[in-house]
Amino acid sequence: MQLALTFVLAALVTLRPVHCLTAGGSTLVSRAQGWGYTGTHGPLGWSTPTENPLCSTGTNQSPINVDSTTTSVNTEKLALTIPDATSMFTDTGHSLEAAMSGKLRLGDNTYELLQFHFHTPAEHRLNQEFFPLEMHMVFKEAPAQPADPYKLVIGVLFEVSGTSTTALLSTLAKSIPTSQGTPVKTGTLSFAPIIKQLQSQKLSQYQGSLTTPPCTEGITWLVLPTPLDVNVATFKAFKKVIKFNARYTENTPGEQNLITYAKDNYPSAT
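Quick caveat, the model's predicted, so the values are computed rather than measured.

### Quick notes on the overall build of the protein chain
Then, number 1: Scanning the protein chain from N- to C-terminus turns up 6 helices and 13 strands.
Then, number 2: Residues counted as buried form 48% of the 270 residues belonging to the protein chain.
Then, number 3: When contacts within the protein chain are restricted to residue pairs at least 6 apart in sequence, those whose partners lie at least 24 apart make up 68%.
Then, number 4: Here the protein chain displays about 12,600 Å² of accessible surface, and carbon together with sulfur accounts for 56% of that area.

### Some words on helix H4 (residues 192-200)
Then, number 1: Ile194, Ile195 and Leu198 are the residues of H4 that are buried. Projection of H4 onto a plane perpendicular to its axis shows the buried side chains occupying an angular sector of 100°, all on one side. Along H4, the residues that are exposed and aim more than 90 degrees away from the buried face are Lys196 and Ser200.
Then, number 2: Where H4 is buried, its residues contact strand E3 (79-81), strand E8 (133-141), strand E9 (152-161), helix H3 (167-173) and strand E13 (228-231).

### Considering a positive patch on the surface
Then, number 1: On the surface, Lys236, Lys239, Lys240 and Lys243 cluster together into a positively charged patch.
Then, number 2: Positionally, Lys243 belongs in the loop between helix H5 (232-242) and helix H6 (258-265).

### Structural notes on the pattern of salt bridges
Then, number 1: Inspection of every chain in the model, using the stated rule, returns 2 salt bridges.
Then, number 2: One salt bridge connects Glu112 with Lys103, and the closest N-O pair in it is separated by 3.1 Å.
Then, number 3: For Glu112, a relative accessible area of 18% translates into the label buried.
Then, number 4: Judged by its relative accessible area of 41%, Lys103 falls in the partly exposed class.
Then, number 5: A salt bridge links Glu250 to Arg247; the shortest N-O distance between them is 3.0 Å.

### Points about the nonpolar core
Then, number 1: Ranked by internal contacts, the top residues of the largest apolar core, which has 39 residues, are Phe116, Phe118, Met135, Met137, Ile154 and Val156.
Then, number 2: Looking at this core, the elements that each hand over two or more residues are strand E5 (96-106), strand E6 (109-119), E8, E9, H3, H4, E13 and H5.
Then, number 3: Apart from the residues within four sequence positions on either side, Phe116 is in contact with Leu96, Glu97, Ala98, Met100, Met135, His136, Met137, Leu172, Leu189 and Phe191.
Then, number 4: If you look at the next biggest cluster of nonpolar residues, it comprises 14 residues, including Ala122, Tyr150, Tyr206 and Trp221.

### Thoughts on the state of the cysteines
Then, number 1: Throughout the structure, instances matching the rule amount to 1 disulfide.
Then, number 2: Linked covalently through their sulfurs, Cys55 and Cys215 form a disulfide whose S-S length is 2.0 Å. Looking down the S-S bond of the Cys55 and Cys215 bridge, the torsion is 95°, so its handedness is right-handed. You can see Cys55 sitting in helix H2 (residues 54-57) and its partner Cys215 sitting in the loop between strand E11 (204-209) and strand E12 (217-223), a full 160 residues away along the chain.
Then, number 3: Classification of Cys55 as buried rests on a relative accessible area of 1%.
Then, number 4: The class for Cys215 is buried, based on a relative accessible area of 0%.

Conventions and cut-offs
- Residues numbered from 1 in each chain as written.
- Predicted model: local features only at pLDDT ≥ 70, side-chain atom pairs only at ≥ 80, totals over all residues.
- Heavy atoms only, no water.
- Helix = DSSP H or I, 4+ residues; strand = E, 2+ residues; numbered from the N terminus.
- Buried < 20%, exposed > 50% of the residue type's maximum accessible area, 1.4 Å probe, protein only.
- Contact = heavy atoms within 4.5 Å.
- Areas by Shrake-Rupley, 256 points an atom, 1.4 Å probe, with all protein chains shown as cover.
- Arc of directions from axis to C-beta.
- Patch = residues over 30% accessible without salt bridge, like charges linked within 9 Å, V, L, I, M, F, W, Y side chains within 5 Å.
- Salt bridge = Lys/Arg side-chain N within 4 Å of Asp/Glu carboxyl O.
- Lys, Arg positive; Asp, Glu negative; His and termini not counted.
- Charge placed at Lys NZ, Arg CZ, Asp CG, Glu CD.
- Core = buried A, V, L, I, M, F, W, Y, C linked by side-chain atoms within 4.5 Å.
- Disulfide = S-S within 2.5 Å.

Right under this line is the structure:
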């Protein structure tokens, strides 16, 4: 029954075209501009015959279920620096997002942090388990130019805690925007505790995609294998604004896109 439902939903893709105005390296646009997370504007409708084809045909799509069969273990220690700074926290209509500067060196490659944003519930799963919140730290290759595509994303998942919370989230919760598109200045943001976790654990690594249109592939993903804490009040403050912005779990990297699979296996009308 569940698989049959997937086929039915996939068939909706052809019923109502969705026009997406995003580009590979752009900031997310508002829900009113075409795509979202519900109905035919949701992930099953992100592709049309002329727009965002990778969302329905790409074979290295994100997010995924992170486990030993889908990812490798990154053995190189991250050289990651993010100076403490204030930022502008914005409800983009698809997420809560803030610009941030930082440098990452991974092997022979150097990257620049451009922004970070949130998804609720979390998009990645860890060993089949889902989590309530995920932060994506989004990088371009250095030296980054405005038109350059994103190349690497660090995913940090959060689990609800009855008491403790990650300091970065507590600071951001004090500056959550009350209206879409109107930035709010944050207090000083410190990534030091998160960087410590990223540098002390072996991160899960795989080649995937952006999790929003145009679903560009060639993205190196590094996912922290242990969720950090977020207390109930902080999580609810994020969720109240974001509501729901998670793409469904994609197939194992390298295997057939699930929408393509559904299309190819959906019974023809008789």
